[in-house]
Every structure is written in structure tokens, then in C-alpha cells.
Amino acid sequence: MNQVQTGQRKPPIHHPPDAAGQQLRWYQRWVIAVCGFGMRWWTRSVRLRFGADVKAFLDQPTEPAVFILWHNRLLMAPELYRRYLPDRKVAGLISASKDGAWLASFFRQLNIRPIRGSRHGRAVPAFRELLKVLADGYNVGITPDGSRGPIYDMKAGAVTLAIRSGVPIVLLSYNYTRAWRLRTWDRFYLPLPFSRVHVKLDIVGDGRQLADGDFRQAAAILRARMLKITDDDEYFSA
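Small disclaimer: the values here were computed from a predicted structure and weren't measured.

**Things to note about the overall build of the protein chain**
Alright, step 1. A count of helical and extended segments in the protein chain gives eight helices and nine strands.
Alright, step 2. For the protein chain, buried positions account for 48% of its 238 residues.
Alright, step 3. The long-range share in the protein chain, meaning contacts at least 24 apart out of those at least 6 apart in sequence, stands at 75%.
Alright, step 4. If you sum the accessible surface of the protein chain, you get close to 12200 Å²; carbon and sulfur atoms cover 55% of it.

Here is the structure:
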């Protein structure tokens, strides 16, 4: 397995106000800051391992892309960027719910631009914002089974964005060797400190070539390819 050296820390990015109109109170922001500090030290103790194909992707020139990953593996996504892609601008889709305001605040601490919206609220404005940030050179991360499941589902909205944007689609999976799992709908992973996480990629390329633009068929194809790089003994042995 290969591991590259950590790049220099990016300067803070000044993000626009929360388009969902929800702001945390000062004490809530304080809680987020404390939790964020602890989480950063926690995730930095985790060892990321990957093969030559992932290293080659990380070493190639910057290019906007849509990254698709499962909701229960979201925790380590910012750490991959912090270590290996420090110069790339990143945006992530977050629910427009009140709970999403906490995650949006946390994302800002990690230099990730939050885009608020889901099929349950602000779907159309969020879609337009995502297309805009992609045009501005951002990479965009999407969890196609979030924010309410079902687990490992590939919703049409995520596929529609990936196809209509015209940028490369990259399927991303974090496979944990030792982790706690929360009692949430997706059995969210919390890697044990100092454990190993195996990173896998499947570079799909231009989504417009998938299934001749048929979104439902493209979703089925992407889901099948995502599951091939997903390790989950609990789910697949059930």
C-alpha cells in the first residue's frame, strides 16, 4: 500500500451565509468547535491505506469532480482531503433540516463549503448551487443514500447531478478494519483511534456516457459499482 506526504494546510475559505437560513447560537458553535478539535485529532490518528490506483488519482492535476460515497462512511472524507488534496476546493451537500445546521458548521471548520438541501427541502436551489460550485472549480461530495436512507440506496437526485454536470464521477469507499457502529439507520461507522481504513476508488468518468442518459438505469449501474468497492460484513451477510 502507498501513502503520500501531507500537504500544507489550506488558508481558511470565507463561505457565504447559510442559504437554508438556519444559524447556530454562540454556545452551539462553541460545542461544534470543541467537538471539531477532538474529531480532527481522532481522525488524524487513523491510518489511511490505498493502492497504486488511488495514489495515481491523488497525484493527477486538479479537476472538478463529483465524488459519491455512502453516508455511513462520511467521517473520514474530510481527512483524505486534508492529507492529500489540500489545494482543492471542496463542497458537500447537507440536509436543510435544523440538524443539518450542526453539520454545516462543522464542515466550515474543515474548509468544506456546505450546500444546504435535499429532496425533503431546498432540492432545486441546492441543485443549482451545486452546478455553480462545480463550474467554479469545486469538487462536490454527495451521499446518495442520505440523509434518511435506506442504506446503500442510489437516489436519482444524486445521479442526475452527476450526469448533468458533465464532470467526472468518482465513486469513493472507506472500508474500516476496526470501528464502532452507531444504532442509526445506516449503522454509521466510527473508526477506532489508530486503526486502518482502506480507501477504494472507481473512476467512472463522464456520467453522460452512462446508460445513454437514462437516470434510473444509470443509478442502478452506479449502485452496483459502488457495492463492489464496499466492505460491510454486517449488511452483506444479513
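Once you've had a look at it, read on.
**Some points on the nonpolar core**
Alright, step 1. Membership of the largest hydrophobic core comes to 67 residues, with the highest contact counts inside it found for I68, V140, M154, L171, L172, Y174 and L222.
Alright, step 2. Ranked by residue count, the leading element in this core is strand 6 (residues 168-176), at six residues.
Alright, step 3. Setting aside chain neighbours within four positions, we find L171 in contact with I68, K200, L201, D202, V204, L222, R225, M226 and I229.

**Some thoughts on the pattern of salt bridges**
Alright, step 1. Under the defined criterion, the tally for this structure stands at eleven salt bridges.
Alright, step 2. When the shortest N-O distance is used, the salt bridge between R225 and D202 registers 2.8 Å. Remark: D202 occurs in strand 9 (residues 196-206) and R225 occurs in helix 7 (residues 215-228); sequence separation between them is 23 residues.
Alright, step 3. Exposure remark for D202: the relative accessible area of 16% places this residue in the buried category.
Alright, step 4. Overlapping salt bridges, with partners in common, bring together R73, R181, R187, D232 and E234 in one network.

**Here's the deal with the sheet that holds strand 6**
Alright, step 1. Reading across from one edge, 1-9-6-2-5-3-4 is the order of the seven strands in this open sheet, with mixed pairing throughout. The sheet terminates laterally at strand 1 (47-49) and strand 4 (112-116), the two strands that pair on one side only. Neighbouring strand axes in the sheet, compared pairwise and without regard to direction, differ in orientation by 30 degrees on average.
Alright, step 2. As judged from the nine bridges shared by strand 6 and strand 9, these two strands associate in the antiparallel manner. The residue bridging L172 from the neighbouring strand is L201, located in strand 9.
Alright, step 3. Lying over the sheet, helix 2 (residues 52-59) contacts strand 2 (66-68), strand 6 and strand 9, oriented at roughly 65 degrees with respect to strand 9.

**Quick word on the pairing of strand 5 (residues 139-142)**
Alright, step 1. One ladder, built from three bridges, connects strand 2 with strand 5; its direction is parallel. Across the sheet, I68 pairs through a bridge with I142, a residue of strand 5.
Alright, step 2. Judged from the three bridges that link them, strand 3 (residues 90-94) and strand 5 form a sheet pairing that is parallel. Its bridge partner being in strand 5, G92 is matched across the sheet by G141.

Cut-off values and rules
- Residues numbered from 1 in each chain as written.
- Predicted model: local features only at pLDDT ≥ 70, side-chain atom pairs only at ≥ 80, totals over all residues.
- Heavy atoms only, no water.
- Helix = DSSP H or I, 4+ residues; strand = E, 2+ residues; numbered from the N terminus.
- Buried < 20%, exposed > 50% of the residue type's maximum accessible area, 1.4 Å probe, protein only.
- Contact = heavy atoms within 4.5 Å.
- Areas by Shrake-Rupley, 256 points an atom, 1.4 Å probe, with all protein chains shown as cover.
- Core = buried A, V, L, I, M, F, W, Y, C linked by side-chain atoms within 4.5 Å.
- Salt bridge = Lys/Arg side-chain N within 4 Å of Asp/Glu carboxyl O.
- Pairing = 2+ DSSP bridges.
- Axes fitted to C-alpha atoms, helices over the stretch in contact; angles between N-to-C directions.

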